There are 2 protein chains.
Amino acid sequence: MPPEAYYSIHPKFHSAVDCIIFGFDEGELSLLLLQRNFEPAKGQWSLMGGFVQEGESLDDAARRVVEELTGLDDLYMRQVHTYGDLGRDPGERVLSTAYYALVDIKKYDRQLVKAHNAHWVKLPDTPHLIFDHDRMVKDALRFMRYQATVKPVGINLLPEEFTLTQLQALYEAILGEPIDKRNFRKRIAAMDYIEKTGGIDKTLSRKGAALYRFNRDKYDGNFKI
Amino acid sequence: MPPEAYYSIHPKFHSAVDCIIFGFDEGELSLLLLQRNFEPAKGQWSLMGGFVQEGESLDDAARRVVEELTGLDDLYMRQVHTYGDLGRDPGERVLSTAYYALVDIKKYDRQLVKAHNAHWVKLPDTPHLIFDHDRMVKDALRFMRYQATVKPVGINLLPEEFTLTQLQALYEAILGEPIDKRNFRKRIAAMDYIEKTGGIDKTLSRKGAALYRFNRDKYDGNFKI
DNA sequence: TCAAAAGTGTTAATAGTACACCCATGA
DNA sequence: TCATGGGTGTACTATTAACACTTTTGA
């Protein structure tokens, strides 16, 4: 076989990315979902997705798609899985790679989200999604939960500075179960990469709660998972 | 945009699978690698791979590729990651999805392996591989190690019946560290889905070692991870 | 009878879990 | 002064880790 034929005898496929965008609000995880005002599957709910373009890596495609919707360009994102079953997109054959992204829900671009007819939906209220997007959400959630147990990825869902009460509520939302306050704070105290900023947040209590931040340098030195 | 243009305006790409095939022999993990007698990269070492075909799911492509090399069609396989960087294949743009497979190293088809100029290489002796295959091996190994700590996937590297000494050596190879024999056997004894067959293996000792097998039904009832 | 691998329990250390009250503050 | 969320310590339980000798048997 001549070298140039090595590639050309094989078929090509559309390659897409679909993004599971997690936010955290009012003590619950939320997803940013599209109520599609375009074909195919107009009128139904779906994840934000897009096709990989020439000259664009798979990771870049995922970043672009999330930025198109949220205006945010430096989110924590991880590849979850690639879905390649035959009938998964009823239109044409498309291989799609799912990525999850973690967003500070106070920061996204409301104009863009509105323009795409997207909405934040609390995880337990997630509607049925098109194609195999339900499965993608399930897989992404499981992967994100696992990641959250081995490294502090959840912090990407909070603002720069946060209180321990917020952090605990976040982890309760991620893990889906209540956590003992004293045990939780003991564990956090042992993590020197979560440090007091000195600031105090008085929006939720008269007494005020100490603000903390994540110190990436200290973290990278400690673990590196 | 008319519906039919939704797909057609986007580019298509070659989609491939690359398979990290693990075996276990002489107390060490091994990889089944090709010493390529074909282009591109003839003469260099690589993983076994292949292009996804029309009418074939991504998982099916991975199964086919592994079967072409080993003759085995019901291996334990898991998707690891999809690699989509621009220059990853210097020939043309190819998106490749890596899968790992676990093989009982006594069972593969020697004719096929020979025909492909493939060789079992002990993991620490792995040569440099083409493209991004080094990274694929690293990612697959990490994923397989993680899986092995949460469910007994390693058993797929052993014959149907095995001794506890074999099983311990396997886990020492997977985890890359020695394990205390008494603690190990205590842990296995607590797993009712690893059961004595009644048989005795006398090939390694005069005394003989009890043979065990994995009972899938009991396992599925217990956990289901 | 001895070499070689198989098999067997106890104790100590560590990690994880359960649990309830006082504190500071502004309205 | 009191309602509200913030903050704190100890005892118990479960899990994991360390550790060395006896058994069986065929050559």
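In this text, all values refer to a predicted model and were calculated from it rather than measured experimentally.

Relative to the helices and strands, Leu-175 of chain B is located in helix α5 (residues 164-175). You can call Leu-175 of chain B partly exposed: its relative accessible area is 30%.

This paragraph deals with the protein's contact with DNA strand C. If you check the shell around DNA strand C, you find 20 residues, and the closest are Asn-183 of chain A together with Lys-181, Arg-182, Arg-185 and Lys-186 of chain B. When residues of the surface near DNA strand C are traced back to their parent elements, those giving at least two are α6 (181-189) of chain A together with α6 (181-189) and β10 (209-214) of chain B. When residues in the surface near DNA strand C are grouped by element, the largest group, 5 residues, is from α6 of chain B. For the surface near DNA strand C, a count of residues per class yields 3 nonpolar, 5 polar and 12 charged.

Attention now moves to the relation of the copies chain B and chain A. With an RMSD of 0.0 Å, the operation that places chain B on chain A is a rotation of 180° combined with a shift of 0.0 Å along the axis. Taken together, the turn and the small shift mark the pair as related by a two-fold rotation axis. When you check the interface residues of chain B against chain A, 100% turn up at the interface there too, and the contact is symmetric in its surfaces.

If you check the shell around DNA strand D, you find 19 residues, and the closest are Lys-181, Arg-185, Lys-186 and Lys-207 of chain A together with Lys-207 of chain B. Restricting attention to atoms of DNA strand D within 4 Å of the protein, one finds that 35% of them are sugar or phosphate atoms. Between DNA strand D and the protein, one listed contact pairs a base nitrogen with a side-chain N or O atom of Lys-207 of chain A at 3.2 Å. Asn-183 of chain B is positioned with one of its side-chain polar atoms (N or O) 2.9 Å from a base nitrogen of DNA strand D. Elements supplying a minimum of two residues to the surface near DNA strand D: α6 and β10 (209-214) of chain A together with α6 of chain B. Sort the elements by how many residues they give to the surface near DNA strand D and α6 of chain A lands first, with 4 residues.

Let's shift gears to the domain arrangement of chain A. All names here are of chain A. If you check the domain split of chain A, you get domain 1 (3-150) and domain 2 (153-214). Relative placement of domain 1 and domain 2: their C-alpha centres are 28 Å apart. The partner domain 2 presents 13 residues to the 18 residues of domain 1 that form the contact. Buried area between domain 1 and domain 2, summed over both chains or domains, comes out near 1,200 Å², and the portion from carbon and sulfur atoms is 70%. Taking the shortest distance from any N to any O, the salt bridge between Lys-107 and Glu-160 comes out at 3.2 Å.

The next point concerns the sheet that holds strand β9 (residues 194-201) of chain B. Residues and elements named next belong to chain B. Taken together, 3 strands build an open sheet; the order of strands is β8-β10-β9 and the sheet is antiparallel. Two strands in the sheet have a free side with no partner beyond their single neighbour: β8 (162-163) and β9. Here 2 bridges tie β8 to β10, and the two strands are oriented antiparallel to one another. Note that in β10 the partner of Thr-163 across the bridge is Leu-211.

Moving on: unusual backbone geometry. Of all residues except glycine, most have a negative phi; of all peptide bonds, most are trans. Residues and elements named next belong to chain A. The omega torsion across Glu-39 and Pro-40 is -5°, close enough to zero to call that bond cis. Tracing the backbone through its elements, the reader meets Pro-40 in the loop between β2 (28-35) and β3 (45-46). In this structure, Asn-117 is a non-glycine residue whose phi angle is positive, near 55°. Here Asn-117 shows up in the loop between α3 (110-115) and β7 (118-122). Residue classification places Asn-117 among the partly exposed residues on the basis of a relative accessible area of 25%.

Reading the values: the criteria
- Residues numbered from 1 in each chain as written.
- Chains lettered and ligands numbered in written order.
- Predicted model: local features only at pLDDT ≥ 70, side-chain atom pairs only at ≥ 80, totals over all residues.
- Heavy atoms only, no water.
- Helix = DSSP H or I, 4+ residues; strand = E, 2+ residues; numbered from the N terminus.
- Buried < 20%, exposed > 50% of the residue type's maximum accessible area, 1.4 Å probe, protein only.
- Near = heavy atom within 4 Å.
- Nonpolar A, V, L, I, M, F, W, Y, C, P; charged D, E, K, R; others polar.
- Least-squares fit on C-alpha atoms with pLDDT ≥ 70 in both.
- Contact = heavy atoms within 4.5 Å.
- Polar contact = N/O pair within 3.5 Å; in protein donor to acceptor, adjacent residues only side chain to side chain.
- Domains from an automatic or database assignment.
- Buried area = accessible area lost by both parts, 1.4 Å probe.
- Salt bridge = Lys/Arg side-chain N within 4 Å of Asp/Glu carboxyl O.
- Pairing = 2+ DSSP bridges.

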